[in-house]
Amino acid sequence: MSTAKTGSDHEAHHARVGPRALLALAGFRRLLFTRFSAQWGDGLFQAGLAGAVLFNPEREADPLAIAAGFTALLLPYSIIGPFAGALLDRWDRRRVLVAANVLRGALIVTSALSVAVGASGTTLFTLALVVIGVSRFINSGLSASLPHVVPVRNLVEANALATTLGAVIAVLGAGCAVGLRAIFGDDNLGSGTTTAIACLGSAGSAWFAIRFARGALGPDEVNEPSQTAVAVARGLYDGGRAAVKTPTVLAAFVALLAHRMAFGVALLLTVLLIRFRFDAGLGGLGQVAGLFGAGILLAGLVTARIVAAIGRRRALAGGLLLGAVAVVGFGLPLTMPTTLAAALVISFAGQVVKLCVDAAVQRDIGDDLRGRVFALYDTLFNVAQVVSIALAALVVAPDGASPLLVLGAGACYLVGVGGFALVSRGHA
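So, how was this worked out
Residues numbered from 1 in each chain as written. Predicted model: local features only at pLDDT ≥ 70, side-chain atom pairs only at ≥ 80, totals over all residues. Heavy atoms only, no water. Helix = DSSP H or I, 4+ residues; strand = E, 2+ residues; numbered from the N terminus. Buried < 20%, exposed > 50% of the residue type's maximum accessible area, 1.4 Å probe, protein only. pLDDT = per-residue confidence, 0-100. Core = buried A, V, L, I, M, F, W, Y, C linked by side-chain atoms within 4.5 Å. Axes fitted to C-alpha atoms, helices over the stretch in contact; angles between N-to-C directions. Parallel < 35°, antiparallel > 145°, perpendicular 65-115°, else oblique. Left-handed = near helix turned anticlockwise from the far one by under 90°. Contact = heavy atoms within 4.5 Å. Expected span 1.5 Å × (residues − 1). Salt bridge = Lys/Arg side-chain N within 4 Å of Asp/Glu carboxyl O. Nonpolar A, V, L, I, M, F, W, Y, C, P; charged D, E, K, R; others polar. Phe/Tyr/Trp six-rings, centres within 6.5 Å; stacked < 30°, edge-to-face > 60°. Lys NZ or Arg CZ within 6 Å of the ring centre and 35° of its normal.

Some thoughts on unusual backbone geometry
Here the bond from Gly218 into Pro219 is cis, since omega is 0°, no more than 30 degrees from zero. One non-glycine residue, Asp279, lies in the positive phi region at around 50°. The residue Asp279 is located in the loop between helix 12 (247–277) and helix 13 (281–310) in this model. The class of Asp279 is exposed, set by a relative accessible area of 62%. In the Ramachandran plot, Leu334 falls in the positive-phi region, its phi being about 55° despite a non-glycine side chain. The residue Leu334 is located in the loop between helix 14 (312–329) and helix 15 (336–364) in this model.

Below, the structure is given as structure tokens:
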């Protein structure tokens, strides 16, 4: 539809039209349903797999095993993302969304069968690597396609609506996994049955995506080598060069890295506290997920207004500062109520940061490079979180009661504020 512009005038061109006007756009509505189906399946699959590994009486879990599980969920796109991003800028994105969803559905069924027969953790983690890698590829394709279904002046609001509701739908998918485990049981067979149902999300997403016309989601033009292998290999370099040459995007990436590192530490601590110190089981994790979804939804409702009032840079910096206050203030007491409060506030702050970063990429990167930059975005997003979880797992207390790690997460946010201000000031 429309491609992103670049320039400093972007801060002054945010237009709000309201969800009703956005949903009146047939293309946006269809892309939204494609996202909802995919993310519902993602939430159910990840929660089902987490239940199979972390809260299964037939399996044991310790901090290193939990960190390995998170690595399996987060690392795959860090490996394939830079190369897959080139494909989003080369191939018809509508066709990519359909094919990737069909592949993911088949892989989910394979994973579910492995859980049901009691396959080893290594086998499950390997399958999870592939499934989540395909999922991240689909999400990047959805983000790169958004400027083709809404006007550029409405990107902030449309992105807030799409990604926020998508994240809430993912939380609902996770909630469905908790309910299904109560029905089918928490042993290997029950966990496998629960996980298998996630393939319905992939099927629905493929069905909505195939209803787009060919070429409707871009790319409009291709500026890559004629050999696909060469184009794929250059994905990381091209995405990185475009991000570095666009100061607003570079500054946003600095903030994103800080948030994801802090969030990774907080996530590991939360799982350990619920599993061992609070003994709240998967139900406790469901409470955290519910409040996490509420924070995301709240951010989606107010971020566009915040950006319109104070600008994208101030909104992003404010999100980082709020994250620092929340992770230290609510994290240090190490109690269940304050942990739940931290989940709510940190998710709100993190979603504000994410929506601002999304808008920077969608508005300031041209359509011919947008897929590669989003792929780099996801790669940095996941690498930062995997690294922080792995490092924290080496020193965390077995039950998650580690005040120094809580302070370290707060420090990550403050370093991010400083780095973001430094890069932004250099641009100004």
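What to know about the confidence of the model for the protein chain
Residues at a pLDDT of 70 or more form 87% of the protein chain, whose mean pLDDT is 85. Averaged pLDDT values for the elements of the protein chain fall to 62 in helix 10 (residues 228–233) and rise to 97 in helix 9 (residues 199–209).

Some remarks on the nonpolar core
Ranked by internal contacts, the top residues of the largest apolar core, which has 62 residues, are Val249, Phe253, Leu268, Leu316, Val357, Val361 and Tyr377. Looking at this core, the elements that each hand over two or more residues are helix 3 (63–74), helix 11 (235–244), helix 12, helix 13, helix 14, helix 15, helix 16 (367–395) and helix 17 (403–427). Of the residues forming this core, the biggest block, 15 residues, is contributed by helix 12. Counting 44 residues, the second-largest nonpolar core is a separate cluster that includes Ala47, Leu87, Leu97 and Ala174.

Things to note about the packing of helix 6 (residues 121–145) against helix 16
Between helix 6 and helix 16, whose axes approach to 9 Å, the crossing angle comes to 140°. The angle between helix 6 and helix 16 falls in the class oblique. In terms of crossing hand, the pair formed by helix 6 and helix 16 is right-handed. Between helix 6, through Arg136, Ser140, Ser143 and Ala144, and helix 16, the contact on the second element is made entirely by Asp367, Arg370, Gly371, Phe374, Ala375, Asp378 and Asn382.

A closer look at helix 15
Its 29 residues give helix 15 an end-to-end C-alpha distance of 42 Å, which sits within 8% of 42 Å, the value for a rise of 1.5 Å per residue. Taken across its 29 residues, helix 15 has 25 buried, putting it largely inside the fold.

Focus on the side chain of Thr246
Within the element layout of this structure, Thr246 appears in the loop between helix 11 and helix 12. Given the relative accessible area of 14%, Thr246 is considered buried. When sequence neighbours within four positions are dropped, the list of residues in contact with Thr246 reads Asp364 and Ile365.

Some remarks on the side chain of Asn139
Note on placement: Asn139 falls in helix 6. Apart from the residues within four sequence positions on either side, Asn139 is in contact with Gln39 and Asp42.

Some points on the pattern of salt bridges
In this structure the tally under the stated criterion is 5 salt bridges. The partner of Arg104 in a salt bridge is Asp42, with the nearest N and O atoms 2.8 Å apart. Here the residue Arg104 occupies a position in helix 5 (residues 93–116), and Asp42 occupies one in helix 2 (residues 26–54), the gap between them amounting to 62 residues. When sorted by exposure, Arg104 lands in the same class as Asp42, which is buried. Arg241 is the partner of Asp238 in a salt bridge, and the nearest nitrogen-oxygen pair spans 3.6 Å. Note that Asp238 and Arg241 are positioned in helix 11 at a spacing of 3 residues, about one turn of the helix. Residue classification places Arg241 among the partly exposed positions, given a relative accessible area of 39%.

As for the packing of helix 12 against helix 16
At a minimum axis distance of 8 Å, the contact between helix 12 and helix 16 shows a crossing angle of 35°. Relative to helix 16, helix 12 is oriented so that their crossing is right-handed. Residues Val249, Phe253, Leu256, Leu257, Arg260, Met261, Phe263, Gly264, Val265, Leu267 and Leu268 of helix 12 lie in contact with helix 16, whose contacting residues are Val373, Leu376, Tyr377, Leu380, Phe381, Ala384, Gln385, Ser388, Ile389, Ala392 and Ala393. Grouping the amino acids of the contact of helix 12 with helix 16 by side-chain chemistry returns 18 nonpolar, 3 polar and 1 charged.

Quick look at the packing of aromatic side chains
Applying the stated rule across the entire model yields 7 aromatic pairs. With a centroid separation of 5.9 Å and 65° between ring planes, the pair formed by Phe253 and Tyr377 is classed as edge-to-face. Separated by 124 residues along the polypeptide, Phe253 in helix 12 and Tyr377 in helix 16 bring together distant segments of the chain. For Phe253, a relative accessible area of 5% corresponds to the buried category. The interplanar angle of 45° and the centroid separation of 5.7 Å between the aromatic rings of Phe263 and Phe292 together place this pair among those described as tilted. Highlighted residues: Phe263 in helix 12 and Phe292 in helix 13, separated in sequence by 29 residues. Here Phe292 falls in the partly exposed class, since its relative accessible area comes to 26%. The cationic tip of Arg30 hangs over the ring face of Phe212; the distance from NZ or CZ to the ring centre is 5.2 Å.

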